[in-house]
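Working through the structure, step by step
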Amino acid sequence: MRICPSCGTRNEAQARFCIACGTPLDPAGEERRLVTALFTDVADVQRRFEPGADPEVFTSVLRPFHELMRRHIEGFGGTVEKIVGNVVFGVFGVPVTHEDDAERAVRAALRIRDEVQLRRRDDPSSLAVRIGIATGEVVVSLGLGPRIGEHVTGDVVNTASRLQTTAPPDGIVVAASTYLATQFDFRWQELRPVTVKGKADPIPIWAPIETRGRIALEPPDPMGAPFVGRRSALRTVRTEFLSSMRDLRPRLVTIVGDAGLGKSRLIAELSVVTDELPELVRWRIGRPLPYGDTTAFAPFADIVKAEASILDSDTPETVG
């Protein structure tokens, strides 16, 4: 089985080109990537077994945790690169890069933690997990098949692994790089810096508590670098918007592009256009997350919640 380095599609071992996008599958050398590494382990599992315990018994205890971690890591768009004993290594950004890989990793970690805690409510003897996350650049050898994890190298991998060992049971420890990339998406607790093997100075760390409640009222901020080379696309979006206002009928515009291409910036520039109109334009933003338990109506639900001033963190009693 060969994984396409461009779209992530699984191909037969003898395939030379991806069946989905046509990308050549022969080894394409090395490439720098920005990824988020996630390490998680089952805490104190060794204490449950005597030295020399039957490996099949050991495996039967760990298998449900491995399946849980794989389900949530892959469910949020990551890849389980390696499982060694009670440790699972997942990476977000290989083979497919997303705009929000750091956010995906933290969401996966929170989902893993919550499910493990829920299991322990039913069974107090159930094991806990520890999770460490870090974001940074790595060197990836592309087109080398499903065991890509063996070809992801960089200090960020070591950092995430070290942080995982410092986390308490059911704890999530995040490096500054991941925190800075996701600080507005979650509620955080700043922890005391930790000293880990291989690092001369203590590492600043944070712990995510929960996703941050939001009311999506405003478009992205258009401030920043000059808007260059996208005037044709902006005219198209502006024309459809004005036609919708004139005809009082909705329009659908789909903007497709790789991570970092400027899709959000294009929407931000549309907000500049609407600000110049004499009519009052009210923005409501819905976000269709491409992972997790998102449904087709998630963007519409976001718009309704924004109009009703309902936060994501509100309880059902508050919403009712």
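Everything that follows concerns the structure shown earlier in this document.
Figured I'd write up the structure that's included with this text. (Residues numbered from 1 in each chain as written. Predicted model: local features only at pLDDT ≥ 70, side-chain atom pairs only at ≥ 80, totals over all residues. Heavy atoms only, no water.)

Within the chain, the secondary structure is distributed over eight helices and ten strands. By residue count, 39% of the 320 residues in the chain fall in the buried class. A total accessible area of about 18,300 Å² is found for the chain, and carbon and sulfur atoms account for 53% of it. (Helix = DSSP H or I, 4+ residues; strand = E, 2+ residues; numbered from the N terminus. Buried < 20%, exposed > 50% of the residue type's maximum accessible area, 1.4 Å probe, protein only. Areas by Shrake-Rupley, 256 points an atom, 1.4 Å probe, with all protein chains shown as cover.)

At their nearest, the axes of helix 5 (residues 231-247) and helix 6 (residues 263-275) sit 10 Å apart, and the two run at 55 degrees to each other. Here helix 5 lies oblique to helix 6, going by the angle between them. For the pair helix 5 and helix 6, the sense of crossing is right-handed. The segment helix 5 lies against helix 6, with Ala233, Leu234, Val237, Arg238 and Phe241 engaging Leu266, Glu269, Leu270, Val273 and Thr274. (Axes fitted to C-alpha atoms, helices over the stretch in contact; angles between N-to-C directions. Parallel < 35°, antiparallel > 145°, perpendicular 65-115°, else oblique. Left-handed = near helix turned anticlockwise from the far one by under 90°. Contact = heavy atoms within 4.5 Å.)

Before going further, it helps to spend a moment on the environment of threonine 211. With respect to the element layout, threonine 211 can be found in strand 10 (residues 203-211). Take threonine 211: its relative accessible area is 29%, and that puts it in the partly exposed class. For threonine 211, the contacting residues outside a window of four places in its chain are Arg107, Leu110, Asp185 and Phe186.

Time to look at the pattern of salt bridges. Considering all chains together, one arrives at 17 salt bridges under this definition. Among the salt bridges present, the one from glutamate 31 reaches arginine 33, with a minimum N-O distance of 2.5 Å. Glutamate 31 sits in the partly exposed class, given a relative accessible area of 33%. For glutamate 210, the salt bridge identified is with arginine 187, shortest N-O distance 2.9 Å. You can see glutamate 210 sitting in strand 10 and its partner arginine 187 sitting in strand 9 (residues 186-194), a full 23 residues away along the chain. Salt bridges sharing partners connect three or more residues here, namely Glu240, Arg246, Asp247 and Arg251. (Salt bridge = Lys/Arg side-chain N within 4 Å of Asp/Glu carboxyl O.)

Where nonpolar side chains cluster on the molecular surface, the patch consists of Phe297, Phe300 and Val304 and spans about 360 Å² of accessible area. Note on placement: phenylalanine 300 falls in helix 7 (residues 298-307). (Patch = residues over 30% accessible without salt bridge, like charges linked within 9 Å, V, L, I, M, F, W, Y side chains within 5 Å.)

To continue, consider helix 6. In this model, helix 6 (13 residues) spans 19 Å end to end at C-alpha, consistent with the 18 Å of a helix rising 1.5 Å per residue. For helix 6, the set of buried residues is Lys263, Leu266, Ala268, Glu269, Leu270, Ser271, Val273 and Thr274. Residues of helix 6 that are buried in the fold lie against helix 5. (Expected span 1.5 Å × (residues − 1).)

Turning next to the packing of helix 1 (residues 55-75) against helix 2 (residues 101-122). At a minimum axis distance of 9 Å, the contact between helix 1 and helix 2 shows a crossing angle of 145 degrees. In this structure, helix 1 meets helix 2 at a crossing whose hand is right-handed. Residue-level contacts link Pro64, Phe65, Leu68, Met69, Arg71, His72 and Ile73 of helix 1 to Ala108, Arg111, Ile112, Glu115, Val116 and Arg119 of helix 2. Classifying every residue of the contact of helix 1 with helix 2 gives eight nonpolar, one polar and four charged. (Nonpolar A, V, L, I, M, F, W, Y, C, P; charged D, E, K, R; others polar.)

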